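Here is what each chain is made of, one letter per residue.
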Amino acid sequence: MGAHKKLSEVLKNIVRQISGKLEDFEGALYSEYMIIGSGIIYCLSADNKSFVKVERGVSVYVVADNYDTQGRSLVYTIHGDIVVIEPEEMSEIGFD
């Protein structure tokens, strides 16, 4: 239960950061990443039940590193999807 609460707090903070509503923001800002390449990549949804089509080149924010046993990261896309992706598929672009 504690890990789930931490993930939901991180997601809330990321949404606050993206929307510009930093009044209730806690902690440091989250660095922005980009999915490398062009075209489409299919990523496993956070619920592990389906795949989500994500456009490469889209900005994402890392919610959790080493999220699963395969070492993938849990990310939030600027389109509102929460997916699991290989860290090698992302490049840090910093604070844009």
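Look above for the structure.
Quick look at the structure, then. The model shown is predicted, which means the values in this text are computed figures rather than measured ones. (Residues numbered from 1 in each chain as written. Predicted model: local features only at pLDDT ≥ 70, side-chain atom pairs only at ≥ 80, totals over all residues. Heavy atoms only, no water.)

1. Some thoughts on the overall build of the protein chain
Phase 1: A tally of helices and strands in the protein chain yields 1 helix and 7 strands.
Phase 2: Along the chain direction, N to C, the helices and strands of the protein chain fall in the order α-β-β-β-β-β-β-β.
Phase 3: Relative to its length of 96 residues, the protein chain is compact, with a C-alpha radius of gyration of 13 Å against a globular reference of 12 Å.
Phase 4: The C-alpha extent of the protein chain, read off along each of the three principal axes, is 35 × 35 × 20 Å.
Phase 5: Scored against the burial criterion, the 96 residues of the protein chain give a buried share of 35%.
Phase 6: Summing over all exposed atoms, the protein chain offers an accessible surface of approximately 6,100 Å²; the carbon and sulfur share of this is 51%. (Helix = DSSP H or I, 4+ residues; strand = E, 2+ residues; numbered from the N terminus. Rg over C-alpha atoms; globule rule 2.2 N^0.38 Å. Buried < 20%, exposed > 50% of the residue type's maximum accessible area, 1.4 Å probe, protein only. Areas by Shrake-Rupley, 256 points an atom, 1.4 Å probe, with all protein chains shown as cover.)

2. Remarks on the nonpolar core
Phase 1: Grouped together as the largest cluster of nonpolar side chains are 12 residues: Ile-35, Ile-41, Cys-43, Val-52, Val-54, Val-58, Val-60, Val-62, Val-75, Val-83, Ile-85 and Met-90.
Phase 2: Counting residues per element, the ones that place at least two in this core are strand E2 (40-45), strand E3 (51-55), strand E4 (59-64) and strand E6 (82-85).
Phase 3: Excluding residues that lie within four positions of it along the chain, Val-62 makes contacts with Ile-14, Tyr-30, Tyr-33, Ser-73, Leu-74, Val-75 and Met-90.
Phase 4: Residues Leu-11, Val-63, Ala-64 and Leu-74 belong to the second largest nonpolar core, which totals 9 residues. (Core = buried A, V, L, I, M, F, W, Y, C linked by side-chain atoms within 4.5 Å. Contact = heavy atoms within 4.5 Å.)

3. Some details on unusual backbone geometry
Phase 1: Phi is positive for Asn-66, close to 50°, though the residue is something other than glycine.
Phase 2: Position of Asn-66 relative to the elements: it lies in the loop between E4 and strand E5 (73-77).
Phase 3: Taking the relative accessible area as the measure of exposure, Asn-66 reaches 59% and is therefore exposed.

4. What to know about the pairing of E2
Phase 1: Across 5 bridges, the pairing between E2 and E3 is antiparallel. Pairing of Ile-41 across the sheet is with Val-54, part of E3.
Phase 2: Taken together, E2 and the strand that follows it, E3, pair antiparallel across an intervening segment of 5 residues, in which Asn-48 is found at a positive phi of about 60°.
Phase 3: The pairing of E2 with E6 spans 2 bridges and is classified as antiparallel. (Pairing = 2+ DSSP bridges.)

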